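# A structural walkthrough
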Amino acid sequence: MVRRIRSSAVLASVLVVALAGAALAVVAYGPREPIKGNYAYNYSNSMDFTGTPGAAGFRLHEAFVTDGAEPAQVSYTKSADGTSWSKPKKLSGSDNAEGSSLATAGTTVIAGWMTGYSYYDPDGANRRVQVRVSTDSGGTWGSVKNLSSGTGMVDYPIVAAAEIGGTTNVYAAWVDSNTCKVRFRQSSNGGGTWSSPITLGATTAELVGAAYGCAGYANIAAVEDLISVAWIADDSGTLKVRSINASGVAAAPATLSNWNGTTTLDDKISNAQNGFPILGSSPLAPDVIAIAYNTNAAQRYTTFTGGGSSATAAGKTIYTNGTIGPVTYGGGYSTAVEPAPGGGFVAMWAGCRDVIASPCNYGSAKAKFDLLASSSADGTTWSAPARIETSSRTQTLNDEASIVVIPDDAGVKVFAQYNAYNSRYSYYDVWMKIGTGSL
């Protein structure tokens, strides 16, 4: 069965880089580790952790879609070390599921997805936001909850979670593809009941086509009092961010007037290059949310640190056009930036090898995407990118990293889950890379 892709547009070639090899990276990555998927895939924002790093209760939590048989389903697995994973558990219901995401806070784990957009569903089928929550680190799960109408249309919901004071909140953000509004809901009781939807903004972007409706790829991250939601506001790639500092009041995000005004970033996302925002946060770096994206020229990010504005409008460069060594890249996308303990960051993205006219066109049989990584101790100066997964005959395309960074004797340990597949979708699965080193 063939997986859906976020955008049906042919992708342009714009980013030009080349790599000398992994020796340039500060963090060194080992061989890939299997996760128990089967015809599996997901998108960034699909892995998080609970417990204290280095302690017995530490767990990585992972959600992915498997669609080798109907219904396409969201599966969940967990691991103490990133190498041995539990038997996957089905989380979704009887409807076909697509677009999984996952987040944690304390011992709470939330997974979210949408229905109606698998390859088993007809074009134009209704699409709905659904979530499921565990309050005991994935041991048991509540029932599937519907957060949007069964007769509506939604665009790729993303979930988040954070502890505000003594309360654990879970969140969901998405675009209503019919009204084109960016919607937000929260629960403060383990997903039992949810606040009424509020509208954080709007989009006119129709990145998948008019028949699909508005597609702004809204993304959300939260850490303690801070929440940010980012989305693509139009077909030219305008990126908007809206944020809140809840200041210790768990119920505050459910009221629109408590949110800061919307910030329009100076950069524009490269829609032609499959650009979409990816937000990252970590309880080990509680004072920052990273908002990552790709322009026509570079991999970029900005931050929300709890001040009066939603985010800094001017982005910072992770890597811009350039050549290092013998391998040339003609594009890059799915940029993810994860805050690290001590104030640093780890970034990953799909680097599109410059072997065809439009290097990021994953519909081409000749397309080749490598998973690239960079790190920074201060958020300004970044290491030269390392190629941590290289395209091969069976997995020509590698993208959509989800990142967890924890302290380690060497400085940090990085867990990176990513997709590996080929352009004909005869093979696709989820894998893990583990790196150690210093930022």
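Heads up: the structure comes first, above all this text.
Residues numbered from 1 in each chain as written. Predicted model: local features only at pLDDT ≥ 70, side-chain atom pairs only at ≥ 80, totals over all residues. Heavy atoms only, no water.

## A short note on the overall build of the protein chain
Definition in use: Each helix corresponds to a stretch of at least 4 residues labelled H or I by DSSP, and each strand to a stretch of at least 2 residues labelled E; elements are numbered beginning at the N terminus. When accessible area is computed with a 1.4 Å probe and restricted to protein chains, residues below 20% of their type maximum are described as buried, those above 50% as exposed, and intermediate ones as partly exposed. Only heavy atoms matter for contacts: two residues are in contact if any of them lie within 4.5 Å across the pair. Note on areas: Shrake-Rupley with a 1.4 Å probe; residue coverage comes only from the protein chains shown.
When you go through the protein chain residue by residue, the secondary structure sums to zero helices and 30 strands. Counting only C-alpha atoms and orienting by the principal axes, one finds that the protein chain spans roughly 55 × 50 × 45 Å. Residue burial in the protein chain is summarised as follows: out of 439 residues, 61% are buried. Pairs at least 24 apart in sequence give 60% of the contacts found in the protein chain among residues at least 6 apart. Total accessible area on the protein chain stands at roughly 14300 Å², and carbon and sulfur atoms take up 49% of it.

## Quick look at unusual backbone geometry
Residue P71 follows E70 across a cis peptide bond; omega there is 0°. Not every positive phi belongs to a glycine, and N274 is a case in point at roughly 60°. Summarising the element assignment, N274 is placed in the loop between strand 19 (263–268) and strand 20 (278–282).

## Quick word on the sheet that holds strand 23 (residues 316–320)
In plain terms, the rule: Strands pair, by our definition, only if DSSP identifies at least two bridges between them. Here the axes come from fitting lines to C-alpha atoms, over the contacting stretch only for helices, and the angles between their N-to-C directions go from 0 to 180 degrees.
In spatial order, the strands read 20-21-22-23; together these four strands make up an open sheet with antiparallel pairing. A single partner strand is all that each edge strand has here, and the edge strands are strand 20 and strand 23. In this sheet, neighbouring strand axes are inclined to one another by 25° on average, regardless of whether the strands run parallel or antiparallel. Sheet topology note: the strand 22 (residues 298–304)/strand 23 ladder contains four bridges and is antiparallel. Bridged to Q299 within strand 23 is Y319.

## Examining the pattern of salt bridges
The condition that has to hold: By salt bridge we mean one thing: a side-chain nitrogen of Lys or Arg within 4 Å of a carboxyl oxygen of Asp or Glu.
Evaluated as defined, the whole model comprises three salt bridges. Among the ionic pairs, R300 bridges to D267, the shortest N-O distance being 2.9 Å. With R300 in strand 22 and D267 in strand 19, this residue pair connects regions lying 33 residues apart in the sequence. One exposure class covers both R300 and D267, and it is buried. Note that R387 is salt-bridged to D370, the shortest N-O span being 3.9 Å. You can see R387 sitting in strand 27 (residues 386–389) and its partner D370 sitting in strand 26 (residues 369–376), a full 17 residues away along the chain. Each member of the pair, R387 together with D370, is buried.

## Considerations on the environment of A111
In this structure, A111 sits in strand 9 (residues 108–115). Among the residues examined, A111 registers a relative accessible area of 0% and is labelled buried. Through-space distance from the C-alpha of A111 to that of F64 is 9.6 Å; in sequence the pair is 47 residues apart. What A111 contacts, discounting residues up to four positions off in sequence, is L91, S101, L102, Q130, V131, R132, W141 and V159.

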